[in-house]
Amino acid sequence: MKLERLTGAEALARTAQLVDVYRTAFSGPPWYEDGYGAADFAERLTADVRRPGFAAVLAGHDGVPAGLGTAWPTQSPFPTARAYDRVRAELGDEVEARLVGALEVDELAVSPHARGQGLAGRILDLLCDGDDACWLLTAPAAVDATRLYERLGWQRLTRPEANIVVFTR
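Residues numbered from 1 in each chain as written. Predicted model: local features only at pLDDT ≥ 70, side-chain atom pairs only at ≥ 80, totals over all residues. Heavy atoms only, no water.

Digging into the pairing of strand β3 (residues 64-73)
- With eight of 10 residues buried, β3 lies mostly within the body of the structure.
- The pairing of strand β2 (residues 55-61) with β3 spans seven bridges and is classified as antiparallel. For valine 57, the partnering residue across the bridge sits in β3 and is glycine 69.
- In sequence, β2 turns back onto β3 through a hairpin of two residues, with aspartate 62 there showing a positive phi of about 55 degrees.
- Here seven bridges tie β3 to strand β4 (residues 103-110), and the two strands are oriented antiparallel to one another. The residue bridging proline 73 from the neighbouring strand is leucine 103, located in β4. (Buried < 20%, exposed > 50% of the residue type's maximum accessible area, 1.4 Å probe, protein only. Helix = DSSP H or I, 4+ residues; strand = E, 2+ residues; numbered from the N terminus. Pairing = 2+ DSSP bridges.)

See the structure below:
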């Protein structure tokens, strides 16, 4: 499996491959994303590549995309869009000390045909390479993702009954 770290411009040039991974990775449980979800990801990617410190990883084998990751340092003040409000509701002012300035892994996806090979961990390692602090979030229903992060040694910050799961490394 070949992993490539991409700049924003390189990620834009590979949008079709990234969207393909996103679509296949999130089409099943617990996400059940449809074509609209993949289109939303493509739209977010166009904006996200302009974030300071943006990086992406694209994994593939024999020209077939198999995994992706996107990340950037969380800026101050802590954002309020998307799931950020739920993170703040769970962590309170701790978000400023623990998450602002840390590398935020926004997307991590592995296509079903490439799962079980350690690819997610390799993508995370390449994305977080050189960063002392990283964080990510997932949904409580994403039990496999939660187990993966725990196996990889990430530390859960949120309570077990929280409506969002936040991990740091």
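Quick look at the layout of surface pockets
- If you add up the space inside the largest pocket, you get close to 1200 Å³.
- At the level of elements, α2 (15-25), α4 (84-91), β4, α6 (119-128), β5 (134-138) and α7 (143-151) are the ones that each hand at least two residues to the lining of the largest pocket.
- The class makeup of the residues in the lining of the largest pocket is 27 nonpolar, eight polar and 11 charged. (1 Å grid on protein atoms, 1.4 Å probe; cavity = no way out; pocket = protein on both sides within 12 Å on 5 of 7 lines; lining within 4 Å. Points joined across faces, edges and corners; volume = space filled by probe spheres on them. Nonpolar A, V, L, I, M, F, W, Y, C, P; charged D, E, K, R; others polar.)

Here's the deal with the environment of alanine 59
- Mapping alanine 59 onto the fold places it in strand β2.
- Between the C-alpha atom of alanine 59 and that of glycine 153, which follows or precedes it by 94 residues, the distance is 22 Å.

A closer look at the pattern of salt bridges
- If you walk through the whole model with that rule in mind, you get 12 salt bridges.
- Arginine 51 is paired through a salt bridge with aspartate 48; the nearest N and O atoms lie 3.0 Å apart.
- For aspartate 48, a relative accessible area of 7% gives the class buried.
- Of the charged contacts in the structure, one is a salt bridge between aspartate 93 and arginine 88, with a shortest N-O distance of 3.8 Å.
- Judged by its relative accessible area of 65%, aspartate 93 falls in the exposed class.
- A single salt-bridge network, built from bridges that share partners, covers Arg44, Arg82, Asp106 and Glu107. (Salt bridge = Lys/Arg side-chain N within 4 Å of Asp/Glu carboxyl O.)

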